[in-house]
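Chain residues, written in single-letter form:
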Amino acid sequence: MLRATLKSLLARKLRLVLSGLAVLLGVMFVSGAFVLTDTLNRTFDSIFSDAYAATDVSVTAKPKVELSEFEGEQVAAPLPAATVDKIKTQAGVREAVGRVDADGARVIGSDGKVLTSMGPPRIGSNWTGTDEIMQLREGRGPVAPGEIAMNATTAELSGYRIGDRVPVLTQQPKREFTLVGVWGYTGDRASLGGVQEVAFTTPVAQELMLGEKNVFTSVTVRAADGVAPAELRDRLAPALGAGFVVKTGDELAEENAASLKEGMGFFGQILLGFAGIALFVGIFLVLNTFSIVVAQRTRELALLRALGAGRRQVINSVLVEAVVVGLIASVLGLAAGVGAGAGLGYLFSSMGGGGLDLAPVGVPPAAIISSFVVGVLVTVVAAVLPALRASRIAPVAAMQDVAIPDRPLTAITVSGAAVTAIGAAALGIGLFADAGAADLWLLFGGVLVTFIGVALLTPAISRPVVSLLGRLFSWSLPGRLGRLNSGRNPRRTAITAAALMVGIALVTGVTVVMDSAKSSLKAEAASILKAQIMISGDQNGPRPPTYDSGVVDRAAAIPGVQAAAGLYNDMVVIGGDREYVAATEDLATLGQAYGTTAVTLRADQIAVSAPKATEKGWQTGSPVTIQTSRGEERTYTVAAVFTEDTLPGSIILPSAAIKDFGITQPVLGFVRLDDGVPVSAVLPQVKALVADSPEVSATDQETFVNDQAAAFDQIITMIQILLGLAILIAVLGVVNTLALSVLERTRELGLLRAVGLGRAQTMRMITVEAVVISVFGALLGVTVGAGMGSAVARALANDGITQIVLPWERMATYLALAALVGVIAAVAPAIRAARLNVLNAIAHD
């Protein structure tokens, strides 16, 4: 029986390829995610190992506010110079060097634009000389206040050479320096991990990056001969006291790498999630393939039964075929995944100008194990139902020239309705009930179960819908034949269409939510934002874009300007909880620019929104103790409780607190004009004011809102790209169904050709069939996706989504693309059908 199975498999190589291709692509996605994550993890290990290679022990002050990797760049607490002197006197210390290393040194390139970063920080530091891994490539280190050096990555991206004047943005407005040196790292590396670095003299670095004199962010300590780093750490920690963090270089390397690995782990889980979707779609393709193959092998399997093969042997025969297909697809998918992981790693390293030296691509055990488990499991699971169906073939079928008759759709329709109801209930509970941590699982489970339910209902839906869609092409004989063919086997049509439905439904659902959020944002901004001119920039790194605070005062002095205000942000600790806060130079002026009335805050007063006051139990006069990123903890009094959205933010601090923020420059600006003053008369003047702050620009209100809403379009594009593989697999499903259908209907096609159907007409018939199936799948997808997206948007009403928008234009585009996909998918099967030899086809058994 095994030999017969393998011979049957090898005799039909086409079905082997078509069955395995979907599994191969899904396995590629899974293994590629593991390969990429492993490569990047080893890269980060190498980066931080090198970064702390010259550090035996590092001493830092405990940060005022501890941030996670996803909350922004950690603001280091300042270390007095006296601490460095104290460390130098401790036993076992060979050398102690005060370091200034802070994010926010943004070089303005030779083209007048700020060098961007898609992740790595832009570090401003003090020049302390070279070491084992840091090497000067050109020039020297800075020794005068007007001099800087930069790493080779920054020099390459900016286009500057030794002797050039270089504008740099820091905690202070733009200043120009002379470039006197360029350094790199061992191994011919231009940077460590793509970080852009600028080195100043120590006093200038302290002034520009920390805003204080005679302070450092850390102390790098080298141990004396014979003293181990861990031993020196244990000596320094008690000597310095509880306010300091003392760690070895190895500990810091491991800690920093682990922090980035956590972020990459989240990214890897997203990739695996989309891989799961692709494999879910692949199950439909494999299921359809084996169902068609079993139908084609009816007489062969019946003959085996007549010769004595039992039902279990027939089941095993189909499952063995599935295992073989799964194994081959797993091997090839793993190989493709290694290539995909390497390609994604290269793409990742190239973001933000490159500079990330990837570790050699490896194949972790998780990639190998998951490839074979997933590949074989998916194929076998998809083949179970066809295998059971094959086992029910009666031996008498060997003497009949018939295929397995279609069973009634009653049972599958009832099952589909029940499963859909369960999925909808899980979605409803996850969206509208408060199930705590189970909400996310209910949502994911509800979506999956709903898809399965709709797929089970699809055969009952397909016959009337496909018949209706086919009428669009029934003006010719090939069109009528294509329409009839697409509806003759509801189960086959349904499975093929369901695969396409999943990808398009997810894309449509995400589009509905994003477009609804975008529309709600625009409507809310139009109702609450009264400033006609905004000052803002696009954030493309851990630090938001900022501008010179003096711009606000100069903008307020422009004729026709009623009020101008800047907004500052910080992460603080209140009662043990981290909270985002805002501040402005004068709250009354901010209120005027924002379109509301507000009081001027004293140095010991704050204003809070009504929802935040309710959440915290505050009221006017309540004391609130706040720890900002810098400075000491301070207690404020609630001076005003304002209506939500009448002012930006939920907790607003006085101007006196700005100096203790992590970023002491404004991140947003609001300019309100006098009644009747046209924006075109003032906007050019405001643009001129921010010319020295190239990270930001001045725009009118509509442009600003559209720029903020553009982020939603980027999310949609990203989802479309990630779901592209699932849709590609669905397209392969259409090709697969048509190709196997042509083989199955060889005799029928020969008879049609014999009675006068031409080659071109045969091709049009196959094309109509493909287009109808594809459009049917897309129609199901946009319908299901629009429904689920609307439900999610409705559930997010309390989170700011107040409007539900159906993207009719995009949905029409998906339907049009589905028709195009049908045409493309039909090319190879249609050509094969047209080239059939008529006599051989008629004689085909």
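The shown structure was predicted, so the numbers you read here are calculated from the model rather than taken from an experiment.

A. Fine view of the packing of helix 14 (residues 490-528) against helix 23 (residues 808-834). Direction vectors running N to C along helix 14 and helix 23 enclose 165 degrees, while the axes themselves pass 10 Å from each other. Compared by their axis directions, helix 14 and helix 23 come out roughly antiparallel. In terms of crossing hand, the pair formed by helix 14 and helix 23 is right-handed. Across the interface between the two elements, Ile 504, Val 507, Thr 508, Thr 511 and Asp 515 from helix 14 touch Arg 810, Met 811 and Tyr 814 from helix 23. Looking at the contact of helix 14 with helix 23, its residues break down into four nonpolar, two polar and two charged.

B. Here's a closer look at the pattern of salt bridges. For the coordinates displayed, the defined rule picks out 28 salt bridges. Ionic pairing is found between Arg 235 and Glu 231, a salt bridge with its closest N-O pair at 2.6 Å. Within this pair, Arg 235 and its partner Glu 231 are both found in helix 6 (residues 229-240), separated by four residues, close to a single helical turn. Taking the relative accessible area as the measure of exposure, Arg 235 reaches 34% and is therefore partly exposed.

C. Local environment of the environment of Val 561. By the secondary structure assignment, Val 561 is in strand 16 (residues 561-574). For Val 561, a relative accessible area of 10% translates into the label buried. Along the backbone, Val 561 and Ile 533 are 28 residues apart, and their C-alpha atoms lie at a distance of 10.0 Å. When neighbours within four sequence positions are excluded, Val 561 is seen to be in contact with Ala 555, Ala 556, Val 671, Arg 672, Leu 673, Asp 674 and Val 682.

D. Seen up close, the packing of helix 14 against helix 22 (residues 759-795). Running from N to C, helix 14 and helix 22 cross one another at 35 degrees; their axes reach a closest spacing of 6 Å. Helix 14 and helix 22 meet at a crossing whose hand is right-handed. Residue composition of the contact of helix 14 with helix 22, by class: 16 nonpolar, eleven polar and no charged.

E. Quick peek at the packing of aromatic side chains. Tallying each qualifying case throughout the model produces three aromatic pairs. Pairing Phe 177 with Phe 200 gives two aromatic rings, centres 5.3 Å apart and planes at 65 degrees, and the pair type is edge-to-face. With Phe 177 in strand 10 (residues 175-185) and Phe 200 in strand 11 (residues 196-200), the pair connects residues that are 23 residues apart, well separated along the chain. Seen in terms of ring centroids, Tyr 594 and Phe 670 are 5.3 Å apart; in terms of plane orientation they differ by 85 degrees. Their pairing is edge-to-face. Of this pair, Tyr 594 sits in helix 16 (residues 587-594) while Phe 670 sits in strand 22 (residues 668-673), and the two are 76 residues apart along the sequence. According to the relative accessible area criterion, Phe 670 is buried, its value standing at 3%.

F. Structural view of the sheet that holds strand 13 (residues 218-223). Taking strand neighbours across the sheet as the criterion, the four strands line up as 3-13-1-14 in an open arrangement whose pairing is antiparallel. Because the sheet does not close on itself, it has two edges, and the strands there are strand 3 (93-99) and strand 14 (244-248). Sheet twist, expressed as the mean angle between neighbouring strand axes with direction ignored, is 20 degrees. Here strand 1 (residues 57-61) pairs with strand 14 via five bridges, running antiparallel. Residue pairing across strands places Ala 61 opposite Phe 244, the latter belonging to strand 14. Contacts between helix 3 (residues 81-88) and the sheet are confined to strand 1, strand 3, strand 13 and strand 14, with strand 3 contributing the most and set at about 170 degrees to the helix. Each of strand 1, strand 3, strand 13 and strand 14 is contacted by helix 6, which is oriented at about 175 degrees to strand 14, the strand it contacts most.

G. Quick peek at the nonpolar core. In this structure, Phe 284, Phe 451, Val 502 and Ile 729 are the most contacted members of the largest nonpolar core, which totals 86 residues. Sequence-distant contacts of Phe 451, defined by excluding residues within four places in its chain, comprise Phe 280, Met 501, Val 502, Ala 505, Leu 506, Val 784 and Met 788. Residues Ala 102, Met 150, Phe 177 and Leu 232 belong to the second largest nonpolar core, which totals 42 residues.

H. Region of interest: a nonpolar patch on the surface. The grouping of Val 363, Ile 368, Ile 369, Val 373, Leu 377 and Val 381 at the surface amounts to a nonpolar patch, some 510 Å² of accessible area in total. By the secondary structure assignment, Ile 369 is in helix 10 (residues 365-391).

I. Quick look at the pairing of strand 18 (residues 605-609). In terms of residue burial, strand 18 counts as a mostly covered element, since five of its five residues are buried. For strand 18 and strand 20 (residues 634-642), the ladder comprises five bridges, and the chain directions are parallel. Bridge pairing in strand 20 links Ser 609 to Phe 642. Here strand 18 pairs with strand 21 (residues 651-653) via two bridges, running antiparallel. Residue pairing in the sheet places Val 608 in a bridge with Ile 651 of strand 21.

J. Examining unusual backbone geometry more closely. Non-glycine residue Asn 214 carries a positive phi angle of around 60 degrees. Residue classification places Asn 214 among the exposed positions, given a relative accessible area of 53%.

K. Layout of the side chain of Ser 629. Within the fold, Ser 629 resides in the loop between strand 19 (623-627) and strand 20. Judged by its relative accessible area of 5%, Ser 629 falls in the buried class. A polar atom in the side chain of Ser 629 sits 2.7 Å from the side chain of Asp 570. Of note is the side chain of Ser 629, whose polar atom sits 3.3 Å from the backbone oxygen of Met 571. Excluding anything up to four places from it in sequence, Ser 629 contacts Lys 64, Val 65, Val 75, Asp 570, Met 571, Asp 660, Phe 661 and Gly 662.

Thresholds, definitions, all that
- Residues numbered from 1 in each chain as written.
- Predicted model: local features only at pLDDT ≥ 70, side-chain atom pairs only at ≥ 80, totals over all residues.
- Heavy atoms only, no water.
- Axes fitted to C-alpha atoms, helices over the stretch in contact; angles between N-to-C directions.
- Helix = DSSP H or I, 4+ residues; strand = E, 2+ residues; numbered from the N terminus.
- Parallel < 35°, antiparallel > 145°, perpendicular 65-115°, else oblique.
- Left-handed = near helix turned anticlockwise from the far one by under 90°.
- Contact = heavy atoms within 4.5 Å.
- Nonpolar A, V, L, I, M, F, W, Y, C, P; charged D, E, K, R; others polar.
- Salt bridge = Lys/Arg side-chain N within 4 Å of Asp/Glu carboxyl O.
- Buried < 20%, exposed > 50% of the residue type's maximum accessible area, 1.4 Å probe, protein only.
- Phe/Tyr/Trp six-rings, centres within 6.5 Å; stacked < 30°, edge-to-face > 60°.
- Pairing = 2+ DSSP bridges.
- Core = buried A, V, L, I, M, F, W, Y, C linked by side-chain atoms within 4.5 Å.
- Patch = residues over 30% accessible without salt bridge, like charges linked within 9 Å, V, L, I, M, F, W, Y side chains within 5 Å.
- Areas by Shrake-Rupley, 256 points an atom, 1.4 Å probe, with all protein chains shown as cover.
- Polar contact = N/O pair within 3.5 Å; in protein donor to acceptor, adjacent residues only side chain to side chain.

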